[in-house]
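Next come the chains, spelled out residue by residue.
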Amino acid sequence: MDTGRAMYEGFTKDQLIDLLMADSRNIVAMDGVWFQSVEKEFGMDTAMHHDEEIWKIYTVTEARRIKKFLGLTDDCGLEGLMKALPLRMVDRANVTSEEIVDNKLIYKIVTCRVQEARTRKGMPLHPCKSAAIYEYSYFAKAIDERIKCRPVSCYPDLDEKFCDCACCWEFWI
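Residues numbered from 1 in each chain as written. Predicted model: local features only at pLDDT ≥ 70, side-chain atom pairs only at ≥ 80, totals over all residues. Heavy atoms only, no water.

Moving on, we get to the overall build of the chain. Secondary structure assignment for the chain yields 6 helices and 4 strands. Moving toward the C terminus, one meets the helices and strands of the chain in the order α-α-α-α-β-β-α-α-β-β. A compact globule built from 173 residues should have a C-alpha radius of gyration of about 16 Å, and the chain, at 17 Å, falls within 12% of that. Dimensions of the chain, computed from the C-alpha atoms along their principal axes, are close to 45 × 40 × 30 Å. Every one of the 173 residues in the chain was classed for burial, and the buried ones make up 38%. (Helix = DSSP H or I, 4+ residues; strand = E, 2+ residues; numbered from the N terminus. Rg over C-alpha atoms; globule rule 2.2 N^0.38 Å. Buried < 20%, exposed > 50% of the residue type's maximum accessible area, 1.4 Å probe, protein only.)

What follows concerns the environment of Val114. Position of Val114 among the secondary structure elements: in helix α5 (residues 113–120). What makes Val114 partly exposed here is its relative accessible area of 26%. As a C-alpha pair, Val114 and Tyr58 span 56 residues in sequence and 18 Å in three-dimensional space. If we ignore the near neighbours within four places in the chain, the residues touching Val114 are Val28 and His126. (Contact = heavy atoms within 4.5 Å.)

Now for the packing of helix α2 (residues 44–70) against helix α6 (residues 129–143). Where α2 meets α6, the closest approach of the two axes is 8 Å, and the angle between their N-to-C directions is 20°. As judged from the angle between their axes, α2 and α6 are roughly parallel. Like other packed secondary-structure pairs, α2 and α6 cross with a definite hand, here right-handed. On the side of α2, the interface is formed by Met48, Asp51, Glu52, Trp55, Lys56, Thr59, Val60, Glu62, Ala63, Ile66 and Lys67, while α6 contributes Ser130, Ala131, Tyr134, Glu135, Tyr138, Phe139, Ala142 and Ile143. The residue makeup of the contact of α2 with α6, split by class, is 11 nonpolar, 2 polar and 6 charged. (Axes fitted to C-alpha atoms, helices over the stretch in contact; angles between N-to-C directions. Parallel < 35°, antiparallel > 145°, perpendicular 65-115°, else oblique. Left-handed = near helix turned anticlockwise from the far one by under 90°. Nonpolar A, V, L, I, M, F, W, Y, C, P; charged D, E, K, R; others polar.)

The next subject is the state of the cysteines. Within this structure, the stated rule accounts for 0 disulfides. Cys163 takes part in no disulfide bond, and the closest cysteine sulfur to it belongs to Cys165, at a distance of 8.1 Å. Here Cys168 is not disulfide-linked; the sulfur of Cys165 is the nearest cysteine sulfur, at 5.1 Å. By relative accessible area, which is 1% here, Cys168 ends up buried. (Disulfide = S-S within 2.5 Å.)

All right, on to the pairing of strand β4 (residues 167–172) then. Buried residues dominate β4, accounting for 5 of its 6 residues. Where strand β3 (residues 148–153) lies against β4, 5 bridges are found, and the strand directions are antiparallel. The partner of Lys148 across the bridge, within β4, is Trp172. (Pairing = 2+ DSSP bridges.)

Take the pattern of salt bridges next. Under the counting rule described, the total for this entry stands at 12 salt bridges. The partner of Glu39 in a salt bridge is Arg118, and the shortest N-O contact between them spans 3.0 Å. Note that Glu39 is positioned in helix α1 (residues 13–42) and Arg118 in helix α5, a separation of 79 residues in sequence. In this structure, Glu39 and Arg118 share a single accessibility class: buried. Two residues, Arg88 and Glu62, come together in a salt bridge whose shortest N-O distance is 3.5 Å. Here Arg88 is found in the loop between α3 (77–84) and α4 (89–93), whereas its partner Glu62 is found in helix α2, with 26 residues between them in sequence. In this structure Arg88 comes out as buried when scored by relative accessible area, which is 0%. Put simply, Glu62, Arg88, Asp91 and Glu135 are held in one network by salt bridges that share partners. (Salt bridge = Lys/Arg side-chain N within 4 Å of Asp/Glu carboxyl O.)

Next up on the list: a positive patch on the surface. On the surface, a cluster of positive charge is made up of Arg25, Arg113, Arg120 and Lys121. Relative to the assigned elements, Arg25 resides in helix α1. (Patch = residues over 30% accessible without salt bridge, like charges linked within 9 Å, V, L, I, M, F, W, Y side chains within 5 Å. Areas by Shrake-Rupley, 256 points an atom, 1.4 Å probe, with all protein chains shown as cover. Lys, Arg positive; Asp, Glu negative; His and termini not counted. Charge placed at Lys NZ, Arg CZ, Asp CG, Glu CD.)

Printed below as a string of C-alpha cells:
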C-alpha cells in the first residue's frame, strides 16, 4: 500500500524538517481559526467546551502515535514522557523546555504561538487552562498510565514565579 512516502523522497533532510515545522505551525493556526470561529459565533464558553472535548480525544491519538514512533514501553515513565512531549504537533510549534527535578518532570511552554497571535490581534488571552488540563493529562496517561499531571502556571491562573514562560506543567508517578 502506498502511503504517500514516495512524494517525499526527492526532498533533502533539511527540507523535510522545514516542512515538519511548517506543518506544526499550520495545525496551531488551524486550531486557532476553528476556535475563533466558534468563539465569535457562540461565545467563549461554548468555544472552550468544544476545545476541551476535542483535546480529550485528539491528544490520546497523538500520544499513541508518538509512543509507537519512539518505541516507548507502557512503563516508560517520566523519561519516556520527556521524549514524547516535545514531539506533539502543538508543542513543536512553540518553544519548550523540560527537565526532571526531584522525580518530577517540569515542562514549560516558553513561548506560546496561540497567546502571541491573540495578543498581536488585540484579542484577550486564551483561557487555555481548562482545555490544557485534558491536553496534557490525557497525553501523559496515554504514554504511561501511572503518570499524573497538574498545571503549575497556566492562563488564567498564572504563578508569578514562572514569569519566564507562558505556562508550566508538572508530571509525576
